[in-house]
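Chains, contacts and geometry: an overview
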Amino acid sequence: MDLKLFGEVFVTLLVILDPPGAVPIFLALTGSMAAKHRNRAALQAVALAFGVIVAFALVGRQILAYLHIDLPALQGAGGLLLLLVALELLTGKTDDPRQEVTSNVALVPLGTPLLAGPGAIVATMLFVQRTSSWSGYLAIAVGIVAVMAIVYLVLRFSGILVRILRPSGIEVVTRIAGLLVAAIAVQLLADAIGAFVTEYLHSPH
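Attention in this report is confined to the structure presented alongside it. Numbers given to residues run from 1 along each chain, matching the order in which its sequence is written. Residues qualify for local features only when their pLDDT is at least 70, as the model is predicted, and side-chain atom pairs are given and counted only at 80 or more; totals for whole chains, interfaces and linings, by contrast, use all residues. The side-chain quantities take in all heavy atoms of the structure and omit both hydrogens and water.

Take the packing of aromatic side chains next. Each pair of aromatic rings taken from Phe, Tyr and Trp, with Trp reduced to its six-membered ring, is defined by centres within 6.5 Å and is described as stacked if the planes are under 30 degrees apart, edge-to-face if over 60, and tilted in the remaining cases. Going through the model one piece at a time under the given rule, you end up with two aromatic pairs. On the numbers, 5.9 Å between centres and 25 degrees between planes, the contact of Phe6 with Phe10 is stacked. Here Phe6 and its partner Phe10 are both found in helix 1 (residues 3–17), four residues apart, which amounts to about one turn of the helix. Between Trp134 and Tyr137, the ring centres sit 5.9 Å apart and the planes meet at 75 degrees, which makes this aromatic pair edge-to-face. Pair noted here: Trp134 and Tyr137 are both in helix 7 (residues 134–156), with a separation of three residues, about one helical turn. On the basis of relative accessible area, Tyr137 is assigned to the partly exposed category, the value being 34%. It is Arg156 that lies over the ring of Phe157; its NZ or CZ is 5.2 Å from the centre. Strands here are runs of E lasting at least two residues and helices are runs of H or I lasting at least four, both read from the DSSP assignment and numbered beginning at the N terminus. For every residue, the accessible area obtained with a 1.4 Å probe (protein chains only) is divided by the maximum for its type, and the residue is called buried under 20%, exposed over 50%, and partly exposed between those limits. Each ring is checked for a lysine NZ or an arginine CZ that lies within 6 Å of its centre and within 35 degrees of its normal; such an atom marks a charge sitting over the ring.

In structure tokens, the structure reads:
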């Protein structure tokens, strides 16, 4: 196995996915769930993120080329989706006790685009593009699995914070998480717009 490439994949994805940074958002979306359902949501979110990242690593370029989608468009779509989630968190719509809370939040927005977002997808696609040996592909696969295992463990044991914070603390965390998600969304949109402008300026007219 290519240990150097494994290290690059592991560190890059760990920084992009940022497990500690995902905890407030995870708690904001699942804080009112029973412990069993919250643990299942963590597993579903990580499983979906893993599946999306692996799928794009294998056939991402072909999918985007077939649909005539540029990477900045993918970033912009992820940003818009996160912005909708951020507005719900900031306005408190997710706190309505009459609202049925399901583990669907594990799929959207947790699994994607928060974990398997444009950053992780693009980084993985670039790593795959760089290598052409089985040792390299193995290093990328092991790196992805290792990072996802860490993300799952961090989310799985975030329930300890639920017991410490209690409902009032969870409400505060929800507002903070909404602000963080809004910032991530705006950054994704800004990057996408910047990429489109740069591409336009450098394209022949």
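From this point on, the discussion continues.
So, on to a nonpolar patch on the surface. Residues enter patches when their relative accessible area tops 30% and they take part in no salt bridge; the joining distance is 9 Å for like charges and 5 Å for the nonpolar side chains Val, Leu, Ile, Met, Phe, Trp and Tyr. What sets the accessible areas is the Shrake-Rupley method with a 1.4 Å probe; for residues, cover comes only from the shown protein chains. Whenever Lys or Arg places a side-chain nitrogen within 4 Å of a carboxyl oxygen from Asp or Glu, that contact is recorded as a salt bridge. On the surface, a nonpolar cluster with roughly 600 Å² of combined accessible area is contributed by Leu58, Val59, Ile63, Tyr66, Leu67 and Ile69. One can find Ile63 in helix 3 (residues 35–66). Relative accessible area serves as the criterion here: at 33%, Ile63 is assigned to the partly exposed category.

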